[in-house]
Amino acid sequence: MHDPNANQPLKRFLTPFSGKAVQPPPVWLMRQAGRYLPEYRKIRSEAGTFLDLCYSPKLAAEVTLQPIRRYGFDAAILFSDILVVPDALGQNVRFAEGEGPRLEPIKSVDDLRRLTLSNTHYKFAKVCETVALLARELPRETALIGFCGAPWTVATYMAEGRGSTDQAAARSWAYRDRQGFSQLIDLLTEASIVYLSNQVEAGANALQIFDSWAGSLADDEFERWVIAPTARIVTEIRRRHPKVPIIGFPRGAAASLQKYIDGTNVDGVSCDTACPLSVMQAIAKTGKVVQGNLDPLLLVAGGDALDARAGAICEAMAGLPFVFNLGHGIVPETPPENVARLVQRVREKGN
Ligand SMILES: Cc1c2[nH]c(c1CCC(=O)O)Cc1[nH]c(c(CCC(=O)O)c1C)Cc1[nH]c(c(CCC(=O)O)c1C)Cc1[nH]c(c(C)c1CCC(=O)O)C2
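Treat the numbers as computed from the prediction; the structure is a model and nothing was measured.

Draft legend 1. Molecular detail of the pairing of strand E7 (residues 268–271). Burial along E7 is two-sided: the face carrying Gly268 and Ser270 and the face carrying Val269 and Cys271 are both buried. Note that the unit made of strand E6 (residues 246–250), helix H11 (residues 257–264) and E7 has a crossover that is right-handed. With four bridges joining them, E7 and strand E8 (residues 289–294) adopt parallel strand pairing. Across the sheet, the residue bridging to Gly268 is Val289, located in E8. Each parallel crossover has a hand, and the one from E7 via helix H12 (residues 277–285) to E8 is right-handed.

Draft legend 2. Spotlight on the packing of helix H1 (residues 38–46) against helix H3 (residues 57–71). For the pair H1 and H3, interaxial distance at closest approach is 10 Å and the crossing angle is 170°. Relative to H3, H1 is oriented roughly antiparallel. Contacts between H1 and H3 involve Pro38, Glu39, Tyr40 and Ile43 from the first element and Leu59, Glu62, Val63, Gln66 and Arg70 from the second. Along the lines of polarity and charge, the residues of the contact of H1 with H3 split into five nonpolar, one polar and three charged.

Draft legend 3. Representation of the packing of aromatic side chains in the model. Within this structure, the stated rule accounts for twelve aromatic pairs. Aromatic pair Trp173 and Phe181: ring centres 5.5 Å apart, planes at 65°, arrangement edge-to-face. Classification of Trp173 by relative accessible area gives buried; the value is 2%. Geometrically, the ring pair formed by Phe322 and Phe324 is edge-to-face, given 6.2 Å between the ring centres and 80° between the ring planes. Note on accessibility: Phe322 and Phe324 belong to one class, buried. An aromatic cluster is present here, built from Tyr40, Phe50, Phe79 and Phe95 joined pairwise through their rings.

Draft legend 4. Inspection of the environment of Ser80 at higher detail. With respect to the secondary-structure elements, Ser80 resides in the loop between strand E1 (75–77) and helix H4 (84–89). On the accessibility criterion, Ser80 (8% relative accessible area) is buried. The contact partners of Ser80, leaving out residues within four places of it in the chain, are Phe50, Cys54, Val127, Phe147 and Tyr195. There is a polar contact of 3.4 Å between the side chain of Ser80 and the side chain of Tyr195.

Draft legend 5. Broad picture of the UniProt feature "domain: Uroporphyrinogen decarboxylase (URO-D)" (unreviewed entry) in the protein. Residues given the UniProt feature "domain: Uroporphyrinogen decarboxylase (URO-D)" (unreviewed entry) here are residues 26–35 and 145–161. Span residues 26–35 is 0% helix and 0% strand, its end C-alpha atoms 23 Å apart. Secondary structure over residues 145–161 splits into 59% helix and 29% strand, and the C-alpha atoms at its two ends are 28 Å apart.

Draft legend 6. Spotlight on the nonpolar core. Counting 124 residues, the largest nonpolar core has Phe13, Phe181 and Phe324 as the members making the most contacts within it. Per-element tally for this core: the top contributor is helix H9 (residues 178–202), with eleven residues. The contacts of Phe324, once residues within four sequence positions are left out, are Pro25, Pro26, Val27, Trp28, Leu294, Ala310, Ile313, Cys314, Leu342 and Val346.

Draft legend 7. Highlighting the site of the ligand. In the neighbourhood of the ligand, 22 residues make up the surrounding shell, with Arg35, Tyr40, Asp81, Ser212 and His328 lying closest. Contact between the ligand and Tyr40: an oxygen atom at 2.5 Å from a side-chain N or O atom of the residue. When the ligand sits alone it has 870 Å² of accessible area, and the protein chains cover 87% of it. For the shell around the ligand, the residue count by class is 13 nonpolar, five polar and four charged.

Calculation rules
- Residues numbered from 1 in each chain as written.
- Predicted model: local features only at pLDDT ≥ 70, side-chain atom pairs only at ≥ 80, totals over all residues.
- Heavy atoms only, no water.
- Buried < 20%, exposed > 50% of the residue type's maximum accessible area, 1.4 Å probe, protein only.
- Helix = DSSP H or I, 4+ residues; strand = E, 2+ residues; numbered from the N terminus.
- Right-handed = clockwise from strand over helix to strand, strands pointing away.
- Pairing = 2+ DSSP bridges.
- Axes fitted to C-alpha atoms, helices over the stretch in contact; angles between N-to-C directions.
- Parallel < 35°, antiparallel > 145°, perpendicular 65-115°, else oblique.
- Contact = heavy atoms within 4.5 Å.
- Nonpolar A, V, L, I, M, F, W, Y, C, P; charged D, E, K, R; others polar.
- Phe/Tyr/Trp six-rings, centres within 6.5 Å; stacked < 30°, edge-to-face > 60°.
- Polar contact = N/O pair within 3.5 Å; in protein donor to acceptor, adjacent residues only side chain to side chain.
- UniProt positions renumbered as here; feature names shortened; annotations may be inferred.
- Core = buried A, V, L, I, M, F, W, Y, C linked by side-chain atoms within 4.5 Å.
- Near = heavy atom within 4 Å.
- Areas by Shrake-Rupley, 256 points an atom, 1.4 Å probe, with all protein chains shown as cover.

Structure below.
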């Protein structure tokens, strides 16, 4: 007999990607696994270094599942990091306790010789073991999101050797030596295609490309280093895996968002906190999925202000293809009970 629901995806997170709104909207939060959770801190303290945790499939799967058990999010995001790619390529990467990432900087084409795509196999395979474990262990209704950093954002950490406020090392290299910097971007683009394809083959249902520093570029540079490599990744992944939705997160680039969507052909975008709701509505009305933009610091503050803004976002996006999320990652100071309150609010208000 004909089943009218036969084509309905079982995972609510995936429904907006077929152009349909879901009420209440699916919800997950960037950095939903992390230091704000005591059960994460426990495993983190037993795992060795942060990268050891990323390459330990059982532990990485466990910390991915922790926020799903607590809050029943509609999607889980693979526990890993965008800096796994430079690490796997052969750059020296470490996470200094309380200070963030430290890398041996790559400053010129000469330094690029230290990196090769053939190095990546073993470490990418470890991450994909985590994906495969999760595909087995997650509830059937929970989607699994794989991810990578966009080439531009990853290159900023590789060139600077650490996080920075202005991405000066990468921006300067790109002006000084376009050819050489292109080689770095091309290498990252190729590595990201392999890495994301492997994640889909291991069981990821959707992908997100994090371009956290997209907002620091002049518009011609934005086209060259953000749009062009992302477009190539999207084209290649879609050729291999046409059904897997790809979300882009060009943080800080609200003014160029439509250009980003047109140029990359992503299925959806994640919007940061500064992106106006009117811009999010306009994009969602074109049928692209929009995700975001609640301020992570409002999730720290909690209370009525949190309820009011979460409600306003849900109202503005009602009837449109929308996924509830933050404008950036959860910060470690976040009280876990505020996350529970938010999820409850979205599920009531969005109904
Ligand atoms: C720029 C960036 C990085 N990593 C990531 C980005 C893009 C998103 C963004 O803009 O935040 C992405 C990321 N990092 C992590 C995830 C896992 C999945 C999830 O979101 O739950 C994801 C998707 C875990 C992590 N990645 C990191 C932690 C904390 C480290 C720890 O537990 O010791 C976690 C849980 C470390 C990390 N990793 C990175 C930095 C700058 C830091 C240090 C800052 C910090 O400590 O919060 C690079």
